[in-house]
Amino acid sequence: MANAPQTEPRPSVAALSAPLVDALIANAAPLRLDISRSPCGARIVDAGISARGGLEAGRRIAEICLGGLGAVGLATSGRFPRWGTMVTVTTADPVIACLGSQYAGWSLAEGDFFALGSGPGRALWAKEKLFEELGYRDRADHACLVLEVDKLPPDVLVARIAEECGIAPEKLTLILTPTSSLAGTVQIVARVLEVALHKTHALHFPLDRVVDGIGASPLPPPAPDFVAAMGRTNDATLYGGDVQLFVTGPEDEARALAEGLPSSSSRDHGRTFAEIFTAYKGDFYAMDPMLFSPARVTVTALETGRSFTFGAFHDDILERSFA
């Protein structure tokens, strides 16, 4: 009887991101971050509530969100006349980096506090159905989560997060990045590749056929108003995001994926996110979930080398949103 095929070991997002978390803490002063301990002992990183934070902090936090499996850069581009700074994302393992770590899939609530947890700590908890489909769960004695919030989480919730991750509270790090902050803006826009992967999953394309990917979105200016800030960070990807995926399998399926992925496939496409959000009276879940994807997508079929591009950039909508 032939031996069963050997599968490659899956990367530990907790282990790979730990040095990035340590470096963030060590450089807290120049990065303009505040570090504290919650009553239960967890480490809290303020990246924009009382602390100022900044673009470099956001870039590093985005790499932590990717579980140490990705690189995030800030680069200039002539793609858009006024908004020339791009947030670029590459990964060594796009499915685990984006869906197994970066995706904000852990709902955290206590009293009137609510947040979605993203980052490598999700893979220790691993109770989302998505992890069953990925066949992935991490093991570690430490965890890090990123919360897009503008206030400190209640300590009872912090302690519960540690318990759900199976770690001691003092081994938990929570990084807080308000939507309206500089760091928060960068780490949200750095999800351009993740939203493409999430929609790939929603379109039922086999994730094991996604070999690699790269993405970029323009960096919007932060806005002090939450709805405006949320709108700008979403519009950056919906109307300015560009992603290329490299996949295996039949060429016609690569083309079908490329055609279905762009945000223009949604009924809500064509207005700024703030306009859409207001039209739905602030009900985020009433919006068409197919909207959340990059403006333009290219899918390359690796077996044939052919690439298929669909979607388009909308500088006029970015100008209305960002100005």
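Bear in mind that the values here come from a model prediction, so they are computed numbers and not experimental data.

### Observations regarding the overall build of the chain
Link 1 in the chain: Secondary structure summary: the chain contains 13 helices and 12 strands in total.
Link 2 in the chain: Relative to a compact globule of 323 residues, whose C-alpha radius of gyration would be 20 Å, the chain shows 19 Å and is just as compact.
Link 3 in the chain: Overall size of the chain, expressed as C-alpha extent along the three principal axes, is 65 × 55 × 35 Å.
Link 4 in the chain: Here the chain holds 323 residues, and the buried ones make up 53% of them.
Link 5 in the chain: Long-range pairs, those at least 24 residues apart, make up 70% of the contacts in the chain with a sequence separation of at least 6.
Link 6 in the chain: By element, 53% of the accessible surface of the chain is carried by carbon and sulfur atoms, the whole surface being about 13,700 Å².
Link 7 in the chain: Distance between charge centres in the chain, computed from 28 positive and 38 negative side chains, equals 2 Å.

### Digging into unusual backbone geometry
Link 1 in the chain: For R32, which is not a glycine, the phi torsion comes out positive at approximately 60°.
Link 2 in the chain: Examined against the element boundaries, R32 turns out to sit in the loop between α2 (28–31) and β1 (34–37).

### With respect to the confidence of the model for the chain
Link 1 in the chain: The pLDDT averaged across the chain works out to 95; a share of 98% of its residues lies at or above 70.
Link 2 in the chain: Taken together, the stretch residues 1–6 has pLDDT below 50 and engages in zero contacts with residues farther than four places along the chain or on a different chain.

### Notes on the nonpolar core
Link 1 in the chain: With 57 residues, the main nonpolar core has L197, L245, V247 and V299 as its most contacted residues.
Link 2 in the chain: If one sorts the elements of this core by residue count, helix α4 (residues 94–102) sits on top with five residues.
Link 3 in the chain: By size, the runner-up hydrophobic cluster in this structure holds 21 residues, among which are I44, W106, V149 and A162.

### Considerations on the sheet that holds β1
Strands belonging to one sheet form pairs held by backbone hydrogen bonds; the direction of such a pair is parallel or antiparallel.
Link 1 in the chain: One open sheet accounts for six strands, arranged β1-β2-β8-β7-β6-β5; its pairing is mixed. Each edge of the open sheet is held by one strand with a lone partner, namely β1 and β5 (106–110). If you compare each strand with its neighbour and ignore which way they point, the axes differ by 30° on average.
Link 2 in the chain: Bridge analysis of β5 against strand β6 (residues 113–118) gives five bridges, and the strand direction is antiparallel. Looking at the pairing, W106 lines up with G117 of β6.

### Here's the deal with the pairing of strand β11 (residues 296–301)
Link 1 in the chain: The element β11 is largely enclosed, with a buried count of five among its six residues.
Link 2 in the chain: Note that strand β10 (residues 242–247) and β11 share six bridges and pair parallel. Opposite Q244, over in β11, you have T298 as the bridge partner.
Link 3 in the chain: Alignment of β11 against strand β12 (residues 307–311), held across five bridges, turns out to be antiparallel. Paired with T298 across the two strands is T309, which belongs to β12.
Link 4 in the chain: Connecting the antiparallel pair β11 and β12 is a turn made up of five residues, with G305 showing a positive phi of about 80°.

### Comments concerning the sheet that holds strand β3 (residues 70–76)
Link 1 in the chain: Strand order across the open sheet formed by six strands is β3-β4-β9-β10-β11-β12, with mixed pairing between neighbours. With partners counted over all chains shown, the strands left at the sheet margins are β3 and β12, one partner each. Within the sheet, the average angular offset between the axes of one strand and its neighbour, ignoring direction, is 15°.

### What to know about the layout of surface pockets
Link 1 in the chain: Computed from the structure, the largest pocket encloses a volume of approximately 1,500 Å³.
Link 2 in the chain: Residue lining of the largest pocket: 47 residues in total, with A104, L116, E148, M230 and F284 positioned closest to the centre.
Link 3 in the chain: Among the elements of the structure, β6, β7 (143–147), α8 (182–189), α9 (192–202), α10 (226–240) and α12 (273–279) are those that each provide at least two residues to the lining of the largest pocket.
Link 4 in the chain: In terms of residue class, the lining of the largest pocket is built from 27 nonpolar, 12 polar and eight charged.
Link 5 in the chain: Considering the residues around the second largest pocket, the lining is formed by 14 residues, among which R10, D93, V95, I96 and D208 are closest to the centre.
Link 6 in the chain: When residues in the lining of the second largest pocket are grouped by element, the largest group, three residues, is from α4.

### Remarks on the packing of α10 against helix α13 (residues 315–322)
Link 1 in the chain: Close contact between α10 and α13 brings their axes to 9 Å; oriented N to C, the two are set at 175°. One finds that α10 runs roughly antiparallel with respect to α13. Contacts between α10 and α13 involve G231, R232, D235, A236, Y239 and G240 on the former and, on the latter, I317, L318, S321 and F322.

Here is what the cut-offs are and how they apply
Residues numbered from 1 in each chain as written. Predicted model: local features only at pLDDT ≥ 70, side-chain atom pairs only at ≥ 80, totals over all residues. Heavy atoms only, no water. Helix = DSSP H or I, 4+ residues; strand = E, 2+ residues; numbered from the N terminus. Rg over C-alpha atoms; globule rule 2.2 N^0.38 Å. Buried < 20%, exposed > 50% of the residue type's maximum accessible area, 1.4 Å probe, protein only. Contact = heavy atoms within 4.5 Å. Areas by Shrake-Rupley, 256 points an atom, 1.4 Å probe, with all protein chains shown as cover. Lys, Arg positive; Asp, Glu negative; His and termini not counted. Charge placed at Lys NZ, Arg CZ, Asp CG, Glu CD. pLDDT = per-residue confidence, 0-100. Core = buried A, V, L, I, M, F, W, Y, C linked by side-chain atoms within 4.5 Å. Pairing = 2+ DSSP bridges. Axes fitted to C-alpha atoms, helices over the stretch in contact; angles between N-to-C directions. 1 Å grid on protein atoms, 1.4 Å probe; cavity = no way out; pocket = protein on both sides within 12 Å on 5 of 7 lines; lining within 4 Å. Points joined across faces, edges and corners; volume = space filled by probe spheres on them. Nonpolar A, V, L, I, M, F, W, Y, C, P; charged D, E, K, R; others polar. Parallel < 35°, antiparallel > 145°, perpendicular 65-115°, else oblique.

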